[in-house]
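A look at the structure
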Amino acid sequence: MRIALYEPDIPQNTGTILRLCACLGIEAHIIEPAGFPTSDRAFRRAGMDYLDQVTIVRHASWDRFESWRREQFLRLVLFTTRAERSFLEHGYAKRDILLFGRESAGVPEAVHAAADIRIVVPMRMGLRSLNVAMTCALAAGEALRQTGGFPAVAGSR
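What counts and how
Residues numbered from 1 in each chain as written. Predicted model: local features only at pLDDT ≥ 70, side-chain atom pairs only at ≥ 80, totals over all residues. Heavy atoms only, no water. Buried < 20%, exposed > 50% of the residue type's maximum accessible area, 1.4 Å probe, protein only. Helix = DSSP H or I, 4+ residues; strand = E, 2+ residues; numbered from the N terminus. Arc of directions from axis to C-beta. Contact = heavy atoms within 4.5 Å. Pairing = 2+ DSSP bridges. Axes fitted to C-alpha atoms, helices over the stretch in contact; angles between N-to-C directions. Right-handed = clockwise from strand over helix to strand, strands pointing away. Disulfide = S-S within 2.5 Å. Phe/Tyr/Trp six-rings, centres within 6.5 Å; stacked < 30°, edge-to-face > 60°.

Within helix α3 (residues 62–72), the full set of buried residues consists of Trp62, Phe65, Glu66, Trp68 and Arg69. Down the axis of α3, the sector holding all buried residues measures 160°, keeping them to one side. In α3, those exposed residues whose orientation departs by more than 90 degrees from the buried face are Asp63, Arg64, Arg70 and Glu71. Close packing links the buried residues of α3 with β1 (2–6), β2 (27–31), β3 (56–59), β4 (75–79), β5 (96–100) and α4 (109–114). Taken from the residues just after α3, Phe73 is the one with a positive phi, measuring 60°.

Turning our attention to the sheet that holds strand β6 (residues 117–119). The strand order across the open sheet formed by six strands is β3-β2-β1-β5-β4-β6, and the pairing between neighbours is parallel. Both outer strands of the open sheet, β3 and β6, are each paired with one neighbouring strand and no more. Adjacent strand axes in the sheet meet at a mean angle of 25°, parallel and antiparallel pairs treated alike. Across the sheet, helix α1 (residues 11–24) lies against β1, β2 and β3, angled at about 170° from β1, the strand it touches most. Across the sheet, helix α5 (residues 132–147) touches β1, β4 and β5, and the angle it forms with β5 is around 165°.

Another point: the pairing of β2. Along a regular strand, successive side chains alternate from one face of the sheet to the other. Of all five residues in β2, four are buried; the element is thus mostly enclosed. As defined by bridge partners, β1 adjoins β2 across five bridges and the pair is classed as parallel. Note on β2: the bridge partner recorded for Ala4 is His29. For the handedness criterion, the β-α-β arrangement of β1, α1 and β2 is classed as right-handed. Note: β2 against β3, four bridges, orientation parallel. Among the inter-strand pairings, Ile30 is bridged to a residue of β3, identified as Arg58.

Taken as a whole and assessed by the stated rule, the structure comprises zero disulfides. Of the cysteine sulfurs around Cys23, a residue in no disulfide, the closest is that of Cys21, at 9.6 Å. When its relative accessible area of 42% is taken as the criterion, Cys23 is described as partly exposed.

Now for the environment of Phe73. Within the secondary structure layout, Phe73 lies in the loop between α3 and β4. Spatially, the C-alpha atom of Phe73 lies 20 Å from that of Ala60, the residues being 13 residues apart in sequence.

What follows covers the packing of aromatic side chains. Aromatic ring pairs are described here by two measures, namely the spacing of the ring centres and the angle between the planes. All told, the structure shown has five aromatic pairs when counted by the stated rule. For the pair Tyr6 and Trp62, a centre-to-centre distance of 6.2 Å together with 70° between the ring planes defines the contact as edge-to-face. Placement of Tyr6 in strand β1 and of Trp62 in helix α3 is noted, with a sequence separation of 56 residues between them. The same class applies to Tyr6 as to Trp62, namely buried. Considering the side-chain rings of Phe65 and Trp68, the 5.9 Å spacing of their centres and the 40° angle between planes classify their relative orientation as tilted. Of this pair, Phe65 and Trp68 are both found in helix α3, three residues apart, which corresponds to roughly one turn of the helix. Relative accessible area serves as the criterion here: at 0%, Phe65 is assigned to the buried category.

Turning next to the side chain of His112. Structurally, His112 is set in helix α4. Beyond its immediate chain neighbours, meaning those up to four positions away, His112 contacts Leu78, Thr80, Arg82, Val107 and Arg118.

In structure tokens, the structure reads:
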């Protein structure tokens, strides 16, 4: 299971997502260009000391990410407000990459079309979207629950 962020533009959200990945043992992918410097220093505030515990893979562009993904035979699951199928109805697999778009604009049509699966977190009518870090947490929780990928509970090892 992997989480990928398409051209993230809010460093605090990215840091929070990286912390989530560290705590749950999920590899994080950042698809450039981001709307801020993607140095470890830029993530330190939200990610705190957890950044040393997460694997971060940076991709220079969407095309490079997509080439890498196809070579690895990984399934791309896009979380988008434009989908009609709930993330709770999807059957997750360990080979999934959970992709999240820019906070300000989502993903372009070419990225949307490249996704193998498009799903949404259902919300009340009239509300635009959840914070991307909250959406990542919901998605990761459901995906790890289905695939048995949660780390062991501390103290039970």
